[in-house]
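Summary of the model geometry
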Amino acid sequence: MTRWDLIAEHIGAATGESFQVRRQRPVGGGCINRAAVVEDGGRAFFVKLNAPERLDMFEAESEGLAALAAARAIRVPDPVCVGLAGGESFLVMERLDLGGRLDGERAGRQLAALHRVTAERFGWHRDNTIGSTPQLNAPHPDWVAFWRERRLGPQLALAAANGHRGRLQSDGERLLSRLDTLVGHAPPPSLLHGDLWGGNIGATPEGEPVIFDPAVYHGDREADLAMTELFGGFGSRFQAAYREAWPLDPAYAVRRVLYNLYHVLNHLNLFGGGYLQQSQSMIERLLAETA
C-alpha cells in the first residue's frame, strides 16, 4: 500500500466513512512541514507531513486544535487523525477555503472570547513545539515563574548552546531576575493559541476568522495579543475590537516587549544570527524599565 492509501485508511476509520485518495496536490505547509490536499471526488482534507520522529509534534498540534475548537470562541480546522504512514508522520485536518477577507473586528472579539476560557494553572497537560523548538508546558501556579522557567530561560539556554553567549546571556540573566517587576500583575491562565502571528490566521470566503498552527497553553492573554503586533497583519480594527471586548492596562506596552522577546529568541534559535541584535535590543529596553 502507498502512503496515501494508508492515510486514506486512517481518514476512513476516524470519520466512519470510507475514503480513497483519488487526487492529491502539494500546497504550502510553512517552513517546517510539507503539506497536501487529498480528495476523493466529494470530500477533501488537508494533510501535513514530516519525518517519523515528528509524530509527537503532530499529536500535540492535534490536541491543541481540539482544545481551541472546544472553546467555541473562534474557528479552527477540526483535527481528523494523526499517525505514521510510509515512513512519515502525518496530521490530517479539515480542509478549509481560507481565501476570504479577514473581518478584523470579528477576529478581535473572538480572540478575547477565547482568552476568557481559563484553567487553574499556567501551562498545559503536555509539551508541544513553537515552530520546531520544544515548548515546555509543565503546569505551574505562578505566571512569573512559568515565564522564567518554561519560556525565556529555555530559549536563552538554547541560544547559548547555539553559540550566542556573552552579553546576550549576562543581560538575559539580569532580565530573568527582574521578571516580577516587569510582569507586575497576576493574570488568569487564559487559553492561548500560542503562536498567533499573521501567517496563522485566515478567513473563509464569508469572512469568518480561522486560526491554525497553534502552540497551545494557558497563560497571560497578553502573550497572544503581543504576538499579533510582532510581525503585523492583524490591523487596527482587530486591535480596537479586542480592547473594546477586554480592555488592557497601560503596563501592557512593556509586557508586550517581554512576551515578544520569547518569539524573537526562538527565531534566533531557529534561523540564526539575524535576530541577535533584535533580541539584545529588546532585553536592553526591558532592563531600562527596571533601572
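Just so you know, these numbers come straight off a predicted model, no measurement behind them.

1. Focus on the overall build of the protein
- Of regular secondary structure, the protein possesses ten helices and eleven strands.
- Taking 291 residues into account, the globule formula puts the C-alpha radius of gyration at 19 Å, and the protein, at 20 Å, falls close to it.
- Along the three orthogonal principal directions, the C-alpha set of the protein runs to about 65 × 45 × 35 Å.
- A buried classification covers 51% of the 291 residues belonging to the protein.
- Pairs at least 24 apart in sequence give 66% of the contacts found in the protein among residues at least 6 apart.
- For the protein, the computed accessible surface area is about 12,800 Å², with 49% contributed by carbon and sulfur atoms.
- Across the protein, the 30 positively charged side chains and the 35 negatively charged ones have centroids separated by 3 Å.

2. With respect to the pattern of salt bridges
- Going through the model one piece at a time under the given rule, you end up with 19 salt bridges.
- Of the charged contacts, one joins Glu88 and Arg3 as a salt bridge, the two residues approaching to 2.7 Å between their closest N and O atoms. You can see Glu88 sitting in strand β5 (residues 88-94) and its partner Arg3 sitting in helix α1 (residues 3-15), a full 85 residues away along the chain.
- A relative accessible area of 26% means that Arg3 is categorised as partly exposed.
- Between Glu94 and Arg75 there is a salt bridge, with its nearest N and O atoms 3.0 Å apart. Of this pair, Glu94 sits in strand β5 while Arg75 sits in the loop between α2 (55-71) and β4 (79-85), and the two are 19 residues apart along the sequence.
- Several salt bridges converge on common partners, so that one network encompasses Arg167, Asp171, Arg174 and Glu284.

3. Observations regarding the nonpolar core
- In this structure, Leu114, Trp147, Leu152, Leu175, Leu179 and Leu258 are the most contacted members of the largest nonpolar core, which totals 64 residues.
- For this core, the element with the most residues is helix α9 (residues 252-271), which contributes ten residues.
- Discounting residues that sit within four places of it in the chain, Leu179 has contacts with Val144, Trp147, Arg148, Leu152 and Leu258.
- Of all hydrophobic cores here, the second largest spans 14 residues; its members include Ile7, Val47, Cys81 and Val92.

4. Remarks on the packing of aromatic side chains
- Inspection of the entire model under this criterion finds ten aromatic pairs.
- Measuring from centroid to centroid gives 5.2 Å for Phe19 and Phe45, while their planes differ by 80°, and the two rings are edge-to-face. Here Phe19, found in the loop between α1 and β1 (23-27), pairs with Phe45, found in strand β3 (residues 44-50); they are 26 residues apart in sequence, far enough to count as distant.
- The class of Phe19 is buried, set by a relative accessible area of 5%.
- With a relative accessible area of 8%, Phe45 lands in the buried category.
- Aromatic rings pair up to connect Phe122, Trp143, Phe146, Trp147, Tyr217, Tyr259 and Tyr262 into one cluster.

5. Regarding the pairing of β4
- Two strands pair when backbone bridges link them, and β4 and β5 are joined in this way by six bridges, in the antiparallel orientation. In the strand pairing of β5, Val82 is matched with Leu91.
- In this antiparallel pair of consecutive strands, β4 and β5, the connection spans two residues, and Gly86 shows a positive phi of 60°.

6. Concerning the packing of helix α3 (residues 104-115) against helix α8 (residues 235-245)
- Across the interface, α3 lies against α8 with an axial gap of 7 Å and an inter-helix angle of 40°. When the axes of α3 and α8 are compared, the pair comes out oblique. Our pair here, α3 against α8, has a crossing hand that is right-handed. Residues Gly104, Glu105, Ala107, Gly108, Arg109, Leu111, Ala112 and His115 of α3 touch α8, and the partners they reach there are Arg237, Phe238, Ala241, Tyr242 and Ala245.
- Taken together, the residues of the contact of α3 with α8 break down into seven nonpolar, three polar and three charged.

Calculation notes
Residues numbered from 1 in each chain as written. Predicted model: local features only at pLDDT ≥ 70, side-chain atom pairs only at ≥ 80, totals over all residues. Heavy atoms only, no water. Helix = DSSP H or I, 4+ residues; strand = E, 2+ residues; numbered from the N terminus. Rg over C-alpha atoms; globule rule 2.2 N^0.38 Å. Buried < 20%, exposed > 50% of the residue type's maximum accessible area, 1.4 Å probe, protein only. Contact = heavy atoms within 4.5 Å. Areas by Shrake-Rupley, 256 points an atom, 1.4 Å probe, with all protein chains shown as cover. Lys, Arg positive; Asp, Glu negative; His and termini not counted. Charge placed at Lys NZ, Arg CZ, Asp CG, Glu CD. Salt bridge = Lys/Arg side-chain N within 4 Å of Asp/Glu carboxyl O. Core = buried A, V, L, I, M, F, W, Y, C linked by side-chain atoms within 4.5 Å. Phe/Tyr/Trp six-rings, centres within 6.5 Å; stacked < 30°, edge-to-face > 60°. Pairing = 2+ DSSP bridges. Axes fitted to C-alpha atoms, helices over the stretch in contact; angles between N-to-C directions. Parallel < 35°, antiparallel > 145°, perpendicular 65-115°, else oblique. Left-handed = near helix turned anticlockwise from the far one by under 90°. Nonpolar A, V, L, I, M, F, W, Y, C, P; charged D, E, K, R; others polar.

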